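Spelled out from the first residue to the last, the chains are:
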Amino acid sequence: MFKIKPYNTLICLMAIYMFTTLTYTLWPVSSPNKIVGFLIFFNVVWIYCRHLTKKKAIILFVTTFIVGLSFINSPDPFGYVSDAIYLLISILLLMEIDNDISKNKLLCALEESEKFIKWTVILCDLVLCVGFFDARCYDSSQWEGSYFIGYTNASHTMASGACLLLVFTLYIIRNKKNIVSFMYFVPSIIAILKSGARTFLIPIVIVCFFFYAYHIKNFSIKLLVFPIAIICAAYVFLNSSMVEKFSFSVNNQYTDMNFLGRLTNGRTAFWVVDLLAFGNYNIIQKLVGNGFQYVYMVNERNFNLAIWAHNDFINCLLSVGIIGTFIYVYMLYRTGRKIVKMPRRDIMIKTLLFFYILLPAFLNGFYTYQHYFYSFIILVILYEKYYCEIGRKV
């Protein structure tokens, strides 16, 4: 009899979600991507509830209540349902991977779904490569340059999907110990560099470091490759769309014109206004938030831009209040503590994993970019359950 395996289903849905995102504009309607997103949500809840402890039950109840209340508080709740689902998925999945049993099952699911993942990665690489030569895959309507968006609706969405593609690629080449296998990463890396989405430079650095540390066996080759790689990386970066984006940020009209404002592309201005809005909340709103739509309304009113806070913690404060923010921070704390306790003493790798979470969380969004979030989940499992046990030390 056919039996659905929830962990296998989750891994396959992540891969499908990556594909439907990177081919988003090729579909006649946007529903395939949304349907897959909802299926992932129900799958995560299913996995979470299979072994429900008292602590997990409390976190599920409080999180669902706070997120549900914030959802209802939005003037247009169904227009922002994705924000609620993203936060719920992130909290539940971070709680779930704190459990070694769940991580082992997810690793088994990766192994059992390897053929499906491999073919999905190949298809996504082909889509990106075709897009490089398709004029429709470039957007010049913002940031004073031309940026690669592929067959998605935005450069950051494409780059987030490419991050998941990078990590899935790292998984399927995990047993290859030669420098030539680095070529598998090239489409994803080029796509991210051409996107201008600076936050997603972090996964490139981390995946390249993983490859250098664990996939090049000969020490002499390592010594030879390192300076060559630095020179090549600098050349590619300086000739990528990232430089245009950094240049644009200096003259961005929304910056507060100090160094930090220019560096963050005006995010500090958003943060100040959003925190002031939170300060004007009444005590109930400060505790449970004022709905997922409110942060968009604040920024649209002040900057004529209907955008989120570009900072997970400020975004949560306005949306789900102190209680919701505490739960999210608590989940990140548990994840960070787990990384520190991982068996190998690879300080550099563990530091990079912290950067993988914290830099996007502070400067753009960790849970808001679900592909990026899933890439972190898979990377942590791959590191702890494969590289820590089978790989060799740096």
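Our subject is the structure listed above.
The paragraphs below set out a description of the structure included in this document. Since we're looking at a predicted model, the values are computed, not measured.

Packing of helix α3 (residues 54-73) against helix α16 (residues 312-340) leaves a shortest axis separation of 9 Å and a crossing angle of 140°. The crossing of α3 and α16 is left-handed. The segment α3 lies against α16, with Lys-55, Ile-59, Val-62, Thr-63, Ile-66, Val-67 and Ser-70 engaging Ser-319, Val-320, Ile-323, Gly-324, Ile-327, Tyr-330, Met-331 and Arg-334. Taken together, the residues of the contact of α3 with α16 break down into nine nonpolar, four polar and two charged.

A positive phi angle, near 60°, is found at Asn-304, a position not held by glycine. For Asn-304, the position within the fold is in the loop between α15 (294-303) and α16. One non-glycine residue, His-310, lies in positive phi territory at about 60°. Checked against the element boundaries, His-310 lands in the loop between α15 and α16.

For the rest of this paragraph, the subject is a nonpolar patch on the surface. Judged by side-chain polarity, Ile-283, Ile-284, Leu-287, Ile-322 and Ile-323 come together as a nonpolar surface patch covering roughly 430 Å² of accessible area. Listed by contribution, the elements that provide at least two residues to the nonpolar patch are α14 (283-288) and α16. The topology assignment puts Ile-283 in helix α14.

With that out of the way, let us pick up the side chain of Thr-169. Within the fold, Thr-169 resides in helix α7 (residues 155-172). Of note is the side chain of Thr-169, whose polar atom sits 2.6 Å from the backbone oxygen of Leu-165. Not counting the four nearest positions on each side in its chain, Thr-169 is found in contact with Val-121, Tyr-184 and Phe-185.

Considering all chains together, one arrives at 29 aromatic pairs under this definition. Note on Phe-132 and Phe-148: the rings are 5.0 Å apart at their centroids and 50° apart in plane angle, and the pair reads as tilted. Of the two residues, Phe-132 sits in the loop between α6 (114-131) and β1 (138-139) while Phe-148 sits in strand β2 (residues 147-148), which places them 16 residues apart along the sequence. A connected cluster of aromatic rings, assembled from ring pairs, spans Tyr-17, Phe-200, Trp-308, Tyr-356, Phe-366, Tyr-369, Tyr-372, Phe-373, Tyr-374 and Phe-376.

By secondary structure assignment, the location of His-371 is in helix α18 (residues 370-387). Excluding residues within four positions of it along the chain, His-371 makes contact with Tyr-17, Met-18, Thr-21, Ser-160, Gly-161 and Leu-164.

Attention shifts here to the pattern of salt bridges. Scanning the entire structure with this criterion turns up eight salt bridges. The salt bridge involving Glu-96 is made with Lys-56; its shortest N-O contact spans 2.9 Å. A residue pair is termed long-range when its members are at least 10 positions apart, and Glu-96 in helix α4 (residues 81-96) and Lys-56 in helix α3 qualify at 40 residues. By relative accessible area, which is 3% here, Glu-96 ends up buried.

Over its 29 residues, α16 runs only 22 Å from end to end, short of the ideal 42 Å by more than 12%, given 1.5 Å per residue. The sharpest bend along α16 measures roughly 130° and falls at Val-320. For α16, the N-terminal capping position is held by Asn-311, with its side-chain oxygen 2.9 Å away from the main-chain nitrogen of Phe-313.

Here we come to the packing of helix α1 (residues 6-22) against helix α2 (residues 31-50). Taken N-terminus to C-terminus, the directions of α1 and α2 make an angle of 160°; their axes are 9 Å apart at the nearest point. With respect to α2, the axis of α1 lies roughly antiparallel. The two elements α1 and α2 meet at a crossing, and its hand is left-handed. Only Asn-33, Val-36, Gly-37, Leu-39, Ile-40, Asn-43, Val-44, Trp-46, Ile-47 and Arg-50 of α2 make contact with α1, whose side of the interface consists of Pro-6, Tyr-7, Thr-9, Leu-10, Leu-13, Met-14, Ile-16, Tyr-17, Thr-20 and Thr-21.

Basis of the calculations
Residues numbered from 1 in each chain as written. Predicted model: local features only at pLDDT ≥ 70, side-chain atom pairs only at ≥ 80, totals over all residues. Heavy atoms only, no water. Axes fitted to C-alpha atoms, helices over the stretch in contact; angles between N-to-C directions. Helix = DSSP H or I, 4+ residues; strand = E, 2+ residues; numbered from the N terminus. Left-handed = near helix turned anticlockwise from the far one by under 90°. Contact = heavy atoms within 4.5 Å. Nonpolar A, V, L, I, M, F, W, Y, C, P; charged D, E, K, R; others polar. Patch = residues over 30% accessible without salt bridge, like charges linked within 9 Å, V, L, I, M, F, W, Y side chains within 5 Å. Areas by Shrake-Rupley, 256 points an atom, 1.4 Å probe, with all protein chains shown as cover. Salt bridge = Lys/Arg side-chain N within 4 Å of Asp/Glu carboxyl O. Polar contact = N/O pair within 3.5 Å; in protein donor to acceptor, adjacent residues only side chain to side chain. Phe/Tyr/Trp six-rings, centres within 6.5 Å; stacked < 30°, edge-to-face > 60°. Buried < 20%, exposed > 50% of the residue type's maximum accessible area, 1.4 Å probe, protein only. Expected span 1.5 Å × (residues − 1). Bend = angle between axes of the 7 residues up to and from the residue. Parallel < 35°, antiparallel > 145°, perpendicular 65-115°, else oblique.

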